[in-house]
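One-letter residues, chain by chain:
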Amino acid sequence: MPSIKASLREVLPYKALIFHRKAQKLLDLILPEPIFYQRRYFILHGKFCSFKEPRRFSEKIFHRMRYPSPIFSILADKVRVRDYIEKTVGNQYLVPSYLVCEQVTVKTLETLPDSFVMKANHSSGQIRIVTEKHKEDLEALARMANDWLKKDFSKLAREKHYASIQPKVIFEKALVSNGKPPDDYKVNVFNGETGSPLMYSYKSCKAGLRT
């Protein structure tokens, strides 16, 4: 069954859809917390979320967004989580890092190798894979990175654990094959027990199916 969001995309004209999106963003900023989460959940799933006794995977995700554990801020921070991973399982599982900074300039980018990945540490989805730097507009790349740093993801998506993350940009080695990243495997853990793994391919990420 398609979500309310998907149904609106099919029936609304383009200009009306743009207006609708702007109105939704405004509502997301001004709605009280209980109404915001229930409204967002209803739009996605066609029902209200049980915060007192979350049972569905989607309910557990929303519960985590609304009542985050303090460690979530460390795990979501793409810079600080590196120390956590090294202490927990070892640095052999870390992707090599080239640089971490709080502002990006053309000179910053000139110090990097021809291939790298640029990520914002305080958000989700703000990532740029560069496979041939010599073909890139470095000024545009710097503007993109600095625009990322200005956004408060905790307010945009109301995922509270992002609020205590100091915005930075991290540059890592690009793990690519033929210019494309490898498939991404994720394993969910419920009450100490692992669930079925999820696999995200490069095509699904390009289509917006990312975490």
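A brief report on the enclosed structure follows.

Cut-offs applied
- Residues numbered from 1 in each chain as written.
- Predicted model: local features only at pLDDT ≥ 70, side-chain atom pairs only at ≥ 80, totals over all residues.
- Heavy atoms only, no water.
- Core = buried A, V, L, I, M, F, W, Y, C linked by side-chain atoms within 4.5 Å.
- Buried < 20%, exposed > 50% of the residue type's maximum accessible area, 1.4 Å probe, protein only.
- Helix = DSSP H or I, 4+ residues; strand = E, 2+ residues; numbered from the N terminus.
- Patch = residues over 30% accessible without salt bridge, like charges linked within 9 Å, V, L, I, M, F, W, Y side chains within 5 Å.
- Areas by Shrake-Rupley, 256 points an atom, 1.4 Å probe, with all protein chains shown as cover.
- Salt bridge = Lys/Arg side-chain N within 4 Å of Asp/Glu carboxyl O.
- Lys, Arg positive; Asp, Glu negative; His and termini not counted.
- Charge placed at Lys NZ, Arg CZ, Asp CG, Glu CD.
- Pairing = 2+ DSSP bridges.
- Axes fitted to C-alpha atoms, helices over the stretch in contact; angles between N-to-C directions.
- Contact = heavy atoms within 4.5 Å.
- Polar contact = N/O pair within 3.5 Å; in protein donor to acceptor, adjacent residues only side chain to side chain.

**Some thoughts on the nonpolar core**
1) Next: Val-104, Leu-109, Phe-116, Met-118, Leu-141, Val-169 and Phe-171 are the most contacted members of the largest nonpolar core, which totals 16 residues.
2) Next: Top element by residues in this core is helix α8 (residues 138-150). It accounts for 6 residues.
3) Next: Core analysis: the next-biggest nonpolar cluster, separate from the first, contains 8 residues, Tyr-37, Phe-51, Phe-62 and Met-65 among them.

**Some points on a positive patch on the surface**
1) Next: A contiguous patch of positive charge on the surface is contributed by Arg-21, Lys-22, Lys-25 and Lys-151.
2) Next: When you line up the elements, Lys-22 lands in helix α2 (residues 14-30).

**Thoughts on the sheet that holds strand β2 (residues 116-120)**
1) Next: The sheet built from 4 strands is open, its strands ordered β1-β4-β2-β3 with antiparallel pairing. Edge positions in the sheet fall to β1 (97-101) and β3 (127-130), since each of these pairs with one other strand and no more. Looking at each pair of strands side by side, their axes are set apart by 15 degrees on average, direction ignored.
2) Next: Taken together, the 4 bridges between β2 and β3 define a ladder with antiparallel strand orientation. Following the sheet pairing, Met-118 is matched in β3 by Arg-128.

**Section: a nonpolar patch on the surface**
1) Next: Side chains of Leu-26, Leu-29 and Ile-30 sit close together on the surface and give an oily, nonpolar patch of about 320 Å² of accessible area.
2) Next: Note on placement: Leu-26 falls in helix α2.

**Focus: the side chain of Lys-119**
1) Next: Looking at where Lys-119 falls in the secondary structure, it is placed in strand β2.
2) Next: Here Lys-119 is in contact with Lys-78, Gln-126, Ile-127, Trp-148, Lys-168, Val-169, Ile-170 and Glu-172, once residues within four sequence places are set aside.

**Quick look at the pairing of strand β4 (residues 169-172)**
1) Next: Where burial is concerned, the two faces of β4 agree: the one with Val-169 and Phe-171 and the one with Ile-170 and Glu-172 are both buried.
2) Next: One ladder, built from 4 bridges, connects β1 with β4; its direction is antiparallel. Bridge pairing in β4 places Val-100 opposite Ile-170.
3) Next: Inspection of the sheet shows β2 paired to β4 by 4 bridges, in the antiparallel sense.

**A closer look at the environment of Arg-80**
1) Next: Positionally, Arg-80 belongs in helix α6 (residues 80-88).
2) Next: Classification of Arg-80 as partly exposed rests on a relative accessible area of 36%.
3) Next: Here Arg-80 is in contact with Ser-73, Ile-74, Ser-164 and Ile-165, once residues within four sequence places are set aside.
4) Next: A polar atom in the side chain of Arg-80 sits 3.2 Å from the side chain of Asp-77.

**Things to note about the side chain of Arg-82**
1) Next: By the element assignment, Arg-82 lies in helix α6.
2) Next: For Arg-82, a relative accessible area of 16% translates into the label buried.
3) Next: A polar atom in the side chain of Arg-82 sits 3.1 Å from the side chain of Glu-172.
4) Next: Contacts of Arg-82, omitting those with residues within four sequence positions, involve Leu-94, Val-95, Pro-96, Ser-97, Ile-170 and Glu-172.

**So, the pattern of salt bridges**
1) Next: For the coordinates displayed, the defined rule picks out 10 salt bridges.
2) Next: Ionic pairing is found between Lys-160 and Glu-33, a salt bridge with its closest N-O pair at 2.7 Å. Of this pair, Lys-160 sits in the loop between α9 (153-156) and β4 while Glu-33 sits in helix α3 (residues 33-45), placing them 127 residues apart in sequence.
3) Next: Judged by its relative accessible area of 28%, Glu-33 is partly exposed.
4) Next: The residue Glu-136 makes a salt bridge to Arg-128 at a minimum N-O spacing of 2.9 Å.
5) Next: Taking the relative accessible area as the measure of exposure, Glu-136 reaches 25% and is therefore partly exposed.
6) Next: The network of salt bridges with shared partners includes Glu-33, Arg-66 and Lys-160.

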